[in-house]
Amino acid sequence: RGRAYTVGFYPGMEYASDLMKDGGYDMSVDFQADKRDYIGKPALAAGVKPVVDASYPIVEGILLKNRKTGKLAASLMNWAYKGNDWKAGVIKKVQELVLLNNVTVKIRKTGTLKSVTSAATGKPLIFEQTGADVLVKIPRLEAGDILLLE
C-alpha cells in the first residue's frame, strides 16, 4: 500500500564532494540540483511539495509558525560558498559566501498576507499573492534571512 526507501546519505558531503576539486569550487555555479532532487524523489513522487521553494536550488527554506500567536516566518539559508586552493582535503583559503541576487521564493499555504518584511534588512519585500500561496522577490540574499509574513 505504500513504499519504503532506505538510502544512506551524508547530505553535506553528498552535495559538495564533486565540487571540492583542485583549483577551487563555487557552489553557486557548480551545485548539482539533480542530487538534491534524487534525495527528495520519494517525497516528490508521493505528491509532497516543498512549502518554501526558492529559485536557486542552493537555497533552503522552512516555514515556521508561532504556536501562541499564529504568526508565520520563513527562514532561508544560502548554502552557496566558494573556496580556493582545495587540495588533498584541505582548504588553504577560508571559504567565501556567494551572495545571490534576485531570489524568488514561493511559500505555500500562507493564507492572505498584508506584508512580507526581511528581518535581515528591516525592509518590506515585493510579493504576489496567489490564493493561499505567496511569491516573494528578494533583491539580495546573503547568508540567510527570515521573512516575516503578516
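Look up: the structure comes first, before these words.
Rules behind the numbers
- Residues numbered from 1 in each chain as written.
- Predicted model: local features only at pLDDT ≥ 70, side-chain atom pairs only at ≥ 80, totals over all residues.
- Heavy atoms only, no water.
- Pairing = 2+ DSSP bridges.
- Helix = DSSP H or I, 4+ residues; strand = E, 2+ residues; numbered from the N terminus.
- Axes fitted to C-alpha atoms, helices over the stretch in contact; angles between N-to-C directions.
- Buried < 20%, exposed > 50% of the residue type's maximum accessible area, 1.4 Å probe, protein only.
- Core = buried A, V, L, I, M, F, W, Y, C linked by side-chain atoms within 4.5 Å.
- Contact = heavy atoms within 4.5 Å.
- Expected span 1.5 Å × (residues − 1).
- Bend = angle between axes of the 7 residues up to and from the residue.

## Observations regarding the sheet that holds strand β4 (residues 72–78)
Two strands in a sheet stick together by hydrogen bonds in their backbones, pointing the same way (parallel) or opposite ways (antiparallel).
So, step 1. Judged by pairing direction, the sheet is antiparallel, and its 4 strands sit side by side in the order β3-β4-β13-β10 without closing on themselves. Among the strands making up the open sheet, the edge pair consists of β3 (59–65) and β10 (116–118). Ignoring strand direction, the axes of neighbouring strands in this sheet form an average angle of 20 degrees.
So, step 2. As defined by bridge partners, β10 adjoins strand β13 (residues 144–149) across 3 bridges and the pair is classed as antiparallel. Along β13, the bridge assignment pairs T117 with L148.

## Quick notes on the environment of R3
So, step 1. Tracing the chain through its elements places R3 in the segment before α1 (11–16).
So, step 2. Of the residues examined, R3 reaches a relative accessible area of 71% and is grouped as exposed.
So, step 3. In this structure the C-alpha to C-alpha distance between R3 and A46, which are 43 residues apart in sequence, comes to 9.3 Å.

## What about the nonpolar core?
So, step 1. Grouped together as the largest cluster of nonpolar side chains are 25 residues, with contacts concentrated most on V105, I107, V136, I138 and L147.
So, step 2. The contacts of L147, once residues within four sequence positions are left out, are L72, A73, A74, L76, I107, V116, T117, S118, L125, V136 and I138.

## With respect to unusual backbone geometry
So, step 1. Positioned with a positive phi, N102 is a non-glycine residue whose angle comes to about 55 degrees.
So, step 2. Residue placement: N102 occurs in strand β9 (residues 100–107).
So, step 3. With a phi close to 60 degrees, K109 is a non-glycine residue in the positive phi region.
So, step 4. Take K109: it is sitting in the loop between β9 and β10.

## Focus on the environment of S115
So, step 1. As for its position among the elements, S115 is in the loop between β9 and β10.
So, step 2. On the basis of relative accessible area, S115 is assigned to the partly exposed category, the value being 24%.
So, step 3. It is 9.9 Å that separates the C-alpha atoms of S115 and L147, two residues lying 32 residues apart in sequence.
So, step 4. Setting aside anything within four residues of it in sequence, one finds S115 in contact with F127, L148, L149 and E150.

## Digging into helix α3 (residues 33–45)
So, step 1. Its 13 residues place the ends of α3 17 Å apart at the C-alpha level, agreeing with the 18 Å of an ideal helix rising 1.5 Å per residue.
So, step 2. Its maximal kink placed at I39, α3 deviates by approximately 50 degrees, while the proline P42 follows within four residues.
So, step 3. In the segment just after α3, G47 is the residue with positive phi, at about 95 degrees.

Geometric descriptors of this kind do not, in isolation, establish any biological role.
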